[in-house]
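Listed below are the residues making up each chain.
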Amino acid sequence: MNIDYSLPCRSSNYRAGNNGRDFIVIHYTGNDNSTAWQNAHYFATSKVEASAHYFIDNDSIYASVPEDDTAWAVGVKYGNAPYWGSCKNSNSISIELCTFGGEIQGPTIDKAAELVRHLMSKYGIPIDHVVRHYDVCAKCCPAPWVGGAREDLWTLFKLYVLGVSGEGAPTPIVNPTPAAQAIQVVANFAIACGQQCANQFVGHDFIAADGIIGPATRRMAIRVLQHALNLDYNAGLVEDGICGTKTKAAIGQHYVRRGERQYMVTFVEILALLHGKDPHGVEYPGTYGSGLASAYNTDYIDRNGFLFVLGLLGCEV
Ligand SMILES: [Zn+2]
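Residues numbered from 1 in each chain as written. Predicted model: local features only at pLDDT ≥ 70, side-chain atom pairs only at ≥ 80, totals over all residues.

1. Notes on the nonpolar core
Grouped together as the largest cluster of nonpolar side chains are 87 residues, with contacts concentrated most on Ile56, Ile95, Val268 and Ile270. When residues of this core are assigned to their parent elements, the largest contribution, 10 residues, is made by helix α8 (residues 263–274). Both of domain 1 (11–162) and domain 2 (182–312) provide at least three residues apiece to this core. What Ile56 contacts, discounting residues up to four positions off in sequence, is Ala36, Ile61, Ile95, Leu97, Cys98, Thr108, Lys111, Ala112 and Leu115. (Core = buried A, V, L, I, M, F, W, Y, C linked by C-beta atoms within 7 Å. Buried ≥ 20, exposed ≤ 12 C-beta atoms within 10 Å, placed from the backbone. Helix = DSSP H or I, 4+ residues; strand = E, 2+ residues; numbered from the N terminus. Domains from an automatic or database assignment. Contact = placed C-beta atoms within 7 Å.)

2. Focus on the pairing of strand β6 (residues 92–97)
When you tally the buried positions in β6, you get 6 out of 6 residues, the bulk of the element. Because side chains alternate across β6, one face comprises the buried residues Ser92, Ser94 and Glu96, and the other comprises Ile93, Ile95 and Leu97, equally buried. Across 6 bridges, the pairing between strand β2 (residues 23–28) and β6 is parallel. Looking at the pairing, Ile24 lines up with Ile93 of β6. By the bridge criterion, 3 bridges tie strand β3 (residues 54–56) to β6 in an arrangement that is parallel. Looking at the pairing, Phe55 lines up with Glu96 of β6. (Pairing = 2+ DSSP bridges.)

3. Quick word on the domain arrangement of the chain
In terms of domain boundaries, the chain breaks down into domain 1 (11–162) and domain 2 (182–312). A separation of 32 Å is found between the C-alpha centroids of domain 1 and domain 2.

4. Observations regarding the pairing of β2
Across the 6 residues that make up β2, a large majority, 6, are buried. The alternating pattern of β2 places Phe23, Val25 and His27 on one face and Ile24, Ile26 and Tyr28 on the opposite face, and all of these are buried.

5. A word on the sheet that holds β2
Here 5 strands make up an open sheet; going across it, the order is β4-β3-β6-β2-β7 and the pairing mixed. The open sheet has two free edges, formed respectively by β4 (61–63) and β7 (130–132), since each of these has just one partner strand. Neighbour-to-neighbour, the strand axes of this sheet turn through a mean angle of 25°, independent of strand direction. (Axes fitted to C-alpha atoms, helices over the stretch in contact; angles between N-to-C directions.)

6. Here we look at helix α6 (residues 215–233)
The end-to-end C-alpha separation of α6 is 27 Å, in line with the 27 Å expected for 19 residues at 1.5 Å each. Residues of α6 that are buried: Thr217, Arg218, Met220, Ala221, Ile222, Arg223, Val224, Leu225, Gln226, His227, Ala228 and Leu229. Of the residues flanking the end of α6, it is Asn234, one or two places downstream, whose phi is positive at about 50°. (Expected span 1.5 Å × (residues − 1).)

7. Focus: the environment of Cys243
Inspection of the secondary structure puts Cys243 in the loop between α6 and α7 (245–251). Residues contacting Cys243, with those up to four places away along its chain left out, are Ile222, Lys248, Leu310, Cys315, Glu316 and Val317.

8. Some remarks on helix α1 (residues 36–45)
Two residues of an α-helix separated by three or four positions point the same way, owing to the 3.6 residues in each turn. Inspection of α1 places Ala36, Asn39, Ala40 and Phe43 among the buried residues, and these make up the whole buried set. Angularly, the buried residues of α1 cover 95° about the axis, an arc narrow enough to put them on a single face. Where α1 is buried, its residues touch β3, β4 and β6. (Arc of directions from axis to C-beta.)

9. Considerations on unusual backbone geometry
Keep in mind that most residues, glycine aside, have a negative phi and that most peptide bonds are trans. The peptide bond linking Cys141 to Pro142 adopts the cis configuration, its omega dihedral lying at -5°. Pro285 follows Tyr284 through a cis peptide bond whose omega is -5°. Note that Pro285 resides in the loop between α8 and β10 (286–287). Even without being a glycine, Glu49 presents a positive backbone phi close to 50°. Its location among the elements puts Glu49 in the loop between α1 and β3. You can call Glu49 exposed: it has 10 C-beta atoms within 10 Å.

What follows is the structure, encoded as structure tokens:
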């Protein structure tokens, strides 16, 4: 990856230092048919009291604000947005994408995905902390990836960032309708998120976040259960991904129900994602809220339920 450092941002347009590198925020320049060089040059030479870390077009990536410093990019609230308050200028890295003919074009998307992957691995940022300016401030940015069918383009970008590799091959729908295509994409994205959350939760024997359920993911689902049983009940299980007599004994007559906060809820949240459902977030430990209740259409999951959700995934239980 080539990054051009020849046009650093004018220092009056940003603040030195940071408060963590927890989010990556994607923007568009809002200045159609202008290049990364033109935008970087503008922020290098003009006093605008706004800034970003990177500008990308079809040919190049320009570094503007140094990664360790705070760009002024997401500090203004335009409406209610899910990441307002958690994603801030001081804990995020902002990337501006150039548009041509009103669209973010393929070569720009390639470069952006490569840079995002690099930053995710460098700072340990999970995919659900790769967000749009829109998700933080309700500003229509990046406009080509906000609203209606354009939401799918944003989902596709994140899938592309995750990369499709690893176990098994995707099962394409033959001649899908656009709606079926969108559902497939969203389901695969949920599964990929579930895989990444499972990695984060268990912390070993990482699996590919490829959106495909195969043997490694099934085994990981059981590891998630074993890890939750160890955390909630000091079960002392070997986290080997095999649901044997010890694991079943540890489940005992335990259950989770709405309002409870437990790692067993985290397990069920991750399983919901692996089923392509949206539990409205995964927490460590998890709180059994309305998102999870609607994903499984129940306020209560017991021993049979735990084994049932694993069985649905094709795990041997
Ligand atoms: Zn923006």
